[in-house]
Amino acid sequence: MSKNKQFVRFDNVDKSYDGKILVVKGLNLDIEEGEFVTMLGPSGSGKTTCLMMLAGFETPTHGEIYLDNNVISNIPPHKRGIGMVFQNYALFPHMTVYENLAFPLRVRKIPKDEADKKIDKALSMVSLQGFEARMPMQLSGGQQQRVAVARSLVFDPKLVLMDEPLGALDKNLRESMQYEIKHIHESIGVTVVYVTHDQSEALTMSNRIAVFNDGKVQQLSSPDKLYEEPVNSFVAEFIGENNTFGGVVSDISGDTCKVKLDSGNEILANPVSVKSKGDKTTVSLRPERAIINPSDKMDNNHKGKIEEVIYHGDHTRLRVNLLGNNSFILKVPNSSSNLDIKSGKDINIGWNSKDSRALDPK
Ligand code: ADP
Ligand code: MG
C-alpha cells in the first residue's frame with residue numbers, strides 16, 4: 001500500500017487568540033505518513049499553537065486541518081487517536097509507571113492481557129522494562145521523559161505530537177534521547193510532528209523541517225537543503241553559521257549576478273531572490289564554503305585581513321575583515337596547520353559564486 005502523502009494537512013490555517021492578531025498565518029503544510037517533521041523556530045513563532053490545533057485543544061480561526069483525509073475540526077481531542085509528549089503534559093505523579101501506561105489503554109477499553117503486552121512492548125522500546133512498579137518521583141528526569149514517550153506510543157497511535165519534550169534535560173541526556181526517539185521512529189514508522197527551538201535537535205532528528213517565524217513557514221525542507229540552500233535571510237541566519245554582505249545587484253544574467261557591496265567592491269553571487277539590476281540584497285555565505293589561499297580557480301577571490309584566531313580543537317576559526325565585513329568567519333581544519341595564520345596577516349579568500357546566495361535584504 002502506498003503511503004498517504006497528505007496524512008496530516010494544514011489547509012490555509014489562520015489562528016488568532018484575541019480576534020485581532022494572527023499568530024498563525026495562512027499555514028499550508030502536508031506531512032507524509034511515517035514522516036518525522038519538525039516545526040523549528042524562535043519562541044512565539046506559532047509552533048505550539050499549530051500542535052495544539054492538530055491535537056484539538058485549540059480551534060483554527062480560519063482554514064481546515066485534515067488527518068488521513070478527514071476534516072478533524074469536529075472530532076474531540078481524545079477521539080483523534082493522537083499520542084502526545086509535551087514538556088508540561090507530565091506523568092500522573094500518583095500512579096506507577098505501569099498505571100501511567102495502562103491509562104490510555106483503559107480509556108480505549110483494551111482488555112488487560114492485551115494491554116499488558118502493549119505496556120511491555122512500549123517499555124522495552126525505551127529500555128525501561130522492570131520499572132513498572134516505580135512511581136514517577138523515583139525516576140530521573142530522563143527516565144520520566146522515556147516513560148512519557150512510551151505512554152504516547154503504547155496504544156499504537158498513527159500520529160505522535162511532541163512539543164519540546166527534551167527541553168528540561170541536560171545537554172548529554174538530551175542528545176542521547178534525540179537518537180533514542182529517532183531510532184524508535186525508524187523502527188515503528190509512526191508519523192511524528194515534533195516542535196523545538198533547538199536547531200541541532202531538529203537537524204539530528206527530522207526527515208523534514210518547517211522553519212517558523214512570525215506565524216509563517218519560511219521554508220520546508222530536508223535538513224541538508226535547509227542548511228545548504230536557505231531560501232531567505234531569516235533561514236540563512238537561523239540555521240547554522242552565516243556570513244553576510246549587504247549590497248545592490250549591479251548586473252544579472254542566468255545563474256550569476258554581480259553585487260556591488262556597501263564597501264564599493266563587487267562580488268559574484270547566486271541570484272536566489274533577486275530579479276533585476278538595482279535590487280537590494282543580503283548575500284549569504286556559509287563559513288566552510290570560503291577557502292584560504294584557494295588553489296582551485298574560484299570566481300570570487302579577495303584579499304582579507306585576519307583579525308582574530310580562535311582555536312576550537314578540531315578546527316580553527318578565523319575572524320577576518322573582508323570587503324567591509326569585519327566579522328567574516330572562516331573555519332580551517334586543524335590538519336592543515338602548515339598555514340601561517342596569525343592575526344594581522346593578509347590572506348586571499350576564495351569561494352564559488354553559486355555558494356554566495358543573493359537573498360532578500362536584511
Ligand atoms: P511557540 O510555540 O513558537 O513559542 P506559541 O504558539 O506558543 O509559539 O505562541 C504564538 C503566539 O501566540 C505568541 O505571541 C503567544 O504569546 C501567543 N499565545 C500562545 N498561546 C496563547 C493563548 N492561550 N492565549 C493568548 N495568546 C497565546
Ligand atoms: Mg512552544
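Residues numbered from 1 in each chain as written. Chains lettered and ligands numbered in written order. Predicted model: local features only at pLDDT ≥ 70, side-chain atom pairs only at ≥ 80, totals over all residues. Heavy atoms only, no water.

1. A closer look at the pattern of salt bridges
- Tallied over the entire structure, the rule returns 20 salt bridges.
- Between R174 and D198 there is a salt bridge, with its nearest N and O atoms 3.8 Å apart. In this pair, R174 is assigned in helix α5 (residues 171-188) and D198 in the loop between β8 (191-196) and α6 (199-205), connecting sequence segments 24 residues apart.
- Residue R174 is classed as partly exposed on the basis of its relative accessible area of 21%. (Salt bridge = Lys/Arg side-chain N within 4 Å of Asp/Glu carboxyl O. Helix = DSSP H or I, 4+ residues; strand = E, 2+ residues; numbered from the N terminus. Buried < 20%, exposed > 50% of the residue type's maximum accessible area, 1.4 Å probe, protein only.)

2. Examining the site of ligand 1
- All residues adjacent to ligand 1 are Y17, V23, P42, S43, G44, S45, G46, K47, T48 and T49.
- Measuring from an oxygen atom of ligand 1, one finds a backbone N or O atom of G46 at 3.1 Å.
- In this structure, T48 approaches ligand 1 through a side-chain N or O atom, which is 2.8 Å from an oxygen atom.
- Within the complex, the protein chains bury 56% of what would otherwise be the 560 Å² of accessible surface of ligand 1.
- In terms of residue count, the dominant contributor to the shell around ligand 1 is helix α1 (residues 47-55) (three residues).
- Residues that form the shell around ligand 1 fall into these classes: three nonpolar, six polar and one charged. (Near = heavy atom within 4 Å. Polar contact = N/O pair within 3.5 Å; in protein donor to acceptor, adjacent residues only side chain to side chain. Areas by Shrake-Rupley, 256 points an atom, 1.4 Å probe, with all protein chains shown as cover. Nonpolar A, V, L, I, M, F, W, Y, C, P; charged D, E, K, R; others polar.)

3. Things to note about the domain arrangement of the protein chain
- We note that the domain assignment places domain 1 (6-233) and domain 2 (241-359) within the protein chain.
- Computed over C-alpha atoms only, the centres of domain 1 and domain 2 are separated by 39 Å.
- Counting residues at the interface gives eight residues for domain 1, matched by nine residues for domain 2.
- When the two sides are added together, the surface that domain 1 and domain 2 hide from each other amounts to roughly 690 Å², 39% of it contributed by carbon and sulfur.
- When the buried area of domain 1 at its contact with domain 2 is split by residue, Y227, P230 and S233 rank highest and sum to 64% of it.
- Counting the contacts that link domain 1 with domain 2 gives one salt bridge.
- One salt bridge in this structure joins E228 and R289, with 3.0 Å as the shortest N-O distance. (Domains from an automatic or database assignment. Contact = heavy atoms within 4.5 Å. Buried area = accessible area lost by both parts, 1.4 Å probe.)

4. Digging into the sheet that holds β8
- Here six strands make up an open sheet; going across it, the order is β6-β7-β8-β3-β9-β10 and the pairing mixed. Because the sheet does not close on itself, it has two edges, and the strands there are β6 (82-86) and β10 (216-221). Strand-to-strand, the axes of this sheet are offset by a mean angle of 15°, without reference to chain direction.
- Relative to strand β7 (residues 159-163), β6 runs parallel, the two being bridged by five bridges. Note that in β7 the partner of F86 across the bridge is D163. (Pairing = 2+ DSSP bridges. Axes fitted to C-alpha atoms, helices over the stretch in contact; angles between N-to-C directions.)

5. Thoughts on unusual backbone geometry
- Despite not being glycine, N69 has its phi angle at roughly 75°, a positive value.
- Using a relative accessible area of 52% as the deciding quantity, one classes N69 as exposed.
- Backbone geometry at D214 places phi at a positive 55°, although glycine is not the residue there.

6. Examining the side chain of D198
- Of the polar contacts made by the side chain of D198, one reaches the backbone nitrogen of S200; its length is 2.9 Å.
- Not counting the four nearest positions on each side in its chain, D198 is found in contact with L40 and R174.

7. Details of the environment of C50
- By the secondary structure assignment, C50 is in helix α1.
- In sequence terms C50 and I188 are 138 residues apart; their C-alpha atoms lie 24 Å from each other.
- The contacts of C50, once residues within four sequence positions are left out, are F10, V24, L27, M39 and F212.

8. Looking at the sheet that holds strand β2 (residues 22-31)
- Reading across the sheet, the four strands line up as β2-β1-β4-β5 and stay open at both edges, with antiparallel pairing between neighbours. Strand pairing shows two members of the sheet lacking a second neighbour, β2 and β5 (70-71), which therefore form its edges.
- Taken together, the two bridges between strand β4 (residues 62-67) and β5 define a ladder with antiparallel strand orientation. Directly across from Y66, in β5, lies its bridge partner V71.
- With respect to the sheet, α1 is in contact with β1 (8-16), β2 and β4, its orientation differing from that of β1 by roughly 115°.

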